[in-house]
Amino acid sequence: MAQVDADQESHEEQEEQKPKIATRFMLFTAVPSWLISLVVHLVFFLILLTIFMPPVKKDKRTLTINDSADAEEIEELVLEEFEPIDEQTLEFDDPPEQPEEAILSDEIVVSEFQEEMAATQMVELSDFAEETMPFSDIMSEVAGVDGNATSGRGQATRTQMLRENGGTGASEQAVVWGIQWIAEHQLQDGTWSFDHRRGAKKPGSKDWGTFGDSPRAATAMALLPFLGSGITHKEGKYKKQVEAGLGSLIKLMEVRGDTGSFREQEGNMYSHGLATIAVCEAYAMTQDKNLLGPAQYSINYIQAAQDPVGGGWRYQPRQPGDTSVVGWQLMGLKSGHMGYLSVRKNTIAGAIKFLDSVQTKNGAAYGYADAGSKPSMNAVGLLCRMYTGWKKENPSLQQGVKDLGARGPSLGGNSDMYYNYYATQVMRQYGGTEWETWNEKMRDFLVKQQVPQGQPEAGSWHFNGPHTERGGRLYNTSLSVLTLEVYYRHLPIYKAGASEEDFPL
């Protein structure tokens, strides 16, 4: 009986379910067929998209060395119109053979910047060029030469400016040989060392520097002569060496926030100033956007490291300054400015405040960390004054140039190339008879003192002056080449018919 009741209940439940099932079926059949098809195709498309979508790759900016590309030859500058020392026509000897190249990795990453760097790397030049471009780019013209301060380094312009400003075939040949010696001593990782034995490819290396653990400063000093002669990572006989040097240098940058530091234990802020000049000059010459971020970040670090009270720079960030370190930082800022990078007005105003604090003779002379007068600091201070707006007619500038001229270049076995490097730029920018007298002594001395071809260390220089123990032969050779490139390395500041080429104040 119980079984019969159970069967009856089951039958009744089935009868109740029939209307529900019928209702669902009617709802399903009521849906248009095109809508069902649309849903099915959409699901199928999403499945295919998931399967075949390629993975997203992060963009990584690199400078790649093309090992298959032949190095370009440096064109000889045969300057028949020059009148050399012996008043006979100078002709170049056969160009030197290209040195063995450093063994370099196939790819050198310009930067390992984190995501916060992306915004700076993506900035277009036009975003800030109008505000920061040097005024000389708008109105300057020097014997038909237009452009920023590096425009004299092109082949045709360099020859013209060499002739007009006191260079000779012999001085330019010395530059070629000096650059060759530097190229021969590049390390396999693309850097250079003041202890140049590490990269020597010839026996008999001597007079090496003791600062062997300062790759940033050494690499920057090695790169500057290449850049000064118009050789970049884009063109020139040694473009592969320059590319490797820039790549290795930027890999050594320490990035924090929007600043990038080249400071190191041995070189301190000197290293940063030198490296900033190198990276910013390379960017100014090529407008390679791979260098835009590192160049701007190095400028930002100089600005962040400035002494907020006195306006100078020294060994550590925000430390009260000294004129020597200030000179390198200010030249770094100038290099960034001529590449249209952002340089704050108050940074330059602070540097001027520091110069005021160490000057004597109303600005004709300068001390180290306090007011005074020291030949090398006088040269640094006067060059900084030229780049921060002093007119050629300024009485203190005229007196300072007169004093440098009366002292003359530092010549002899104990030559102070640091003094010579800065003072030669001051005299060259000022021009006139003072420059002609200075140039003849400085130029001819360096040409005669270069190690001749055929001898160990051919093409290099070495003097027993200040800083030589630390910097060695690389330090002396770099400054000597840069001094002989003064004719075209920067366009003159004081030029007829041109507007000011100072920082924005």
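Keep in mind that what you see is a predicted model, and the values were worked out from it rather than measured. (Residues numbered from 1 in each chain as written. Predicted model: local features only at pLDDT ≥ 70, side-chain atom pairs only at ≥ 80, totals over all residues. Heavy atoms only, no water.)

So, about the packing of helix 12 (residues 323-338) against helix 16 (residues 417-430). Where helix 12 contacts helix 16, the axes come no closer than 13 Å and their chain directions differ by 45°. Here helix 16 runs oblique to helix 12, going by the angle between their axes. Regarding helix 12 and helix 16, the two cross each other, and that crossing is left-handed. Contacts between helix 12 and helix 16 pair Ser324, Gly327, Trp328 and Met331 from the former with Tyr418, Tyr421 and Tyr422 from the latter. (Axes fitted to C-alpha atoms, helices over the stretch in contact; angles between N-to-C directions. Helix = DSSP H or I, 4+ residues; strand = E, 2+ residues; numbered from the N terminus. Parallel < 35°, antiparallel > 145°, perpendicular 65-115°, else oblique. Left-handed = near helix turned anticlockwise from the far one by under 90°. Contact = heavy atoms within 4.5 Å.)

Evaluated as defined, the whole model comprises 11 salt bridges. Of the charged contacts, one joins Arg443 and Asp444 as a salt bridge, the two residues approaching to 2.8 Å between their closest N and O atoms. Arg443 gets classed as buried once you look at its relative accessible area, which sits at 12%. Among the residues examined, Asp444 registers a relative accessible area of 11% and is labelled buried. Beyond isolated ion pairs, a larger network of salt bridges with shared partners links Arg216, Glu254 and Glu264. (Salt bridge = Lys/Arg side-chain N within 4 Å of Asp/Glu carboxyl O. Buried < 20%, exposed > 50% of the residue type's maximum accessible area, 1.4 Å probe, protein only.)

In this section: the environment of Gly169. Topologically, Gly169 is positioned in helix 7 (residues 169-184). For the pair Gly169 and Thr159, spaced 10 residues apart in the sequence, the C-alpha separation amounts to 9.8 Å.

What follows is about the packing of aromatic side chains. How two aromatic rings sit relative to each other is set out by the distance from centre to centre and by the angle between their planes. One pass over the full model with this rule turns up 11 aromatic pairs. Ring centres of Trp192 and Phe226 lie 6.1 Å apart, and the angle between their planes is 40°; on these two criteria the pair is classed as tilted. On the criterion of sequence distance, the pair formed by Trp192 in the loop between helix 7 and helix 8 (215-228) and Phe226 in helix 8 is long-range, its members being 34 residues apart. Overall, the relative accessible area of 1% leaves Trp192 in the buried class. Consider the rings of Tyr270 and Tyr315, whose centres lie 6.4 Å apart with planes at 40°: the pair is tilted. Separated by 45 residues along the polypeptide, Tyr270 in helix 10 (residues 268-286) and Tyr315 in the loop between helix 11 (292-305) and helix 12 bring together distant segments of the chain. Relative accessible area serves as the criterion here: at 23%, Tyr270 is assigned to the partly exposed category. Aromatic ring contacts, followed pair by pair, group Trp328, Tyr418, Tyr421 and Tyr422 into a single cluster. The ring of Tyr430 is capped by Lys392, whose NZ or CZ atom sits 5.1 Å from the centre of that ring. In this structure, Arg407 packs its charged tip against the face of Tyr419, placed 5.8 Å from the ring centre. (Phe/Tyr/Trp six-rings, centres within 6.5 Å; stacked < 30°, edge-to-face > 60°. Lys NZ or Arg CZ within 6 Å of the ring centre and 35° of its normal.)

Here we come to the confidence of the model for the chain. Taken residue by residue, the chain gives an average pLDDT of 78. The fraction at 70 or more is 67%. Per-residue pLDDT stays below 50 along residues 17-30; that stretch engages in 1 contact with residues further than four places along the chain or on separate chains. (pLDDT = per-residue confidence, 0-100.)

With 18 residues, helix 17 (residues 432-449) ought to run about 26 Å at 1.5 Å a step, and its terminal C-alpha atoms sit 26 Å apart, in line with that. The complete set of buried residues in helix 17 reads Trp435, Trp438, Asn439, Met442, Arg443, Asp444, Phe445 and Leu446. (Expected span 1.5 Å × (residues − 1).)

Along the chain, Arg158 falls in helix 6 (residues 155-165). Residue classification places Arg158 among the buried positions, given a relative accessible area of 4%. From its side chain, Arg158 meets the backbone oxygen of Ser229 in a polar contact 3.0 Å long. (Polar contact = N/O pair within 3.5 Å; in protein donor to acceptor, adjacent residues only side chain to side chain.)

This part is about unusual backbone geometry. A positive phi is found at Gln287, a non-glycine position, where the angle reads about 55°. What makes Gln287 partly exposed here is its relative accessible area of 27%. A positive phi is found at Arg318, a non-glycine position, where the angle reads about 65°. With respect to the helices and strands, the residue Arg318 is situated in the loop between helix 11 and helix 12.

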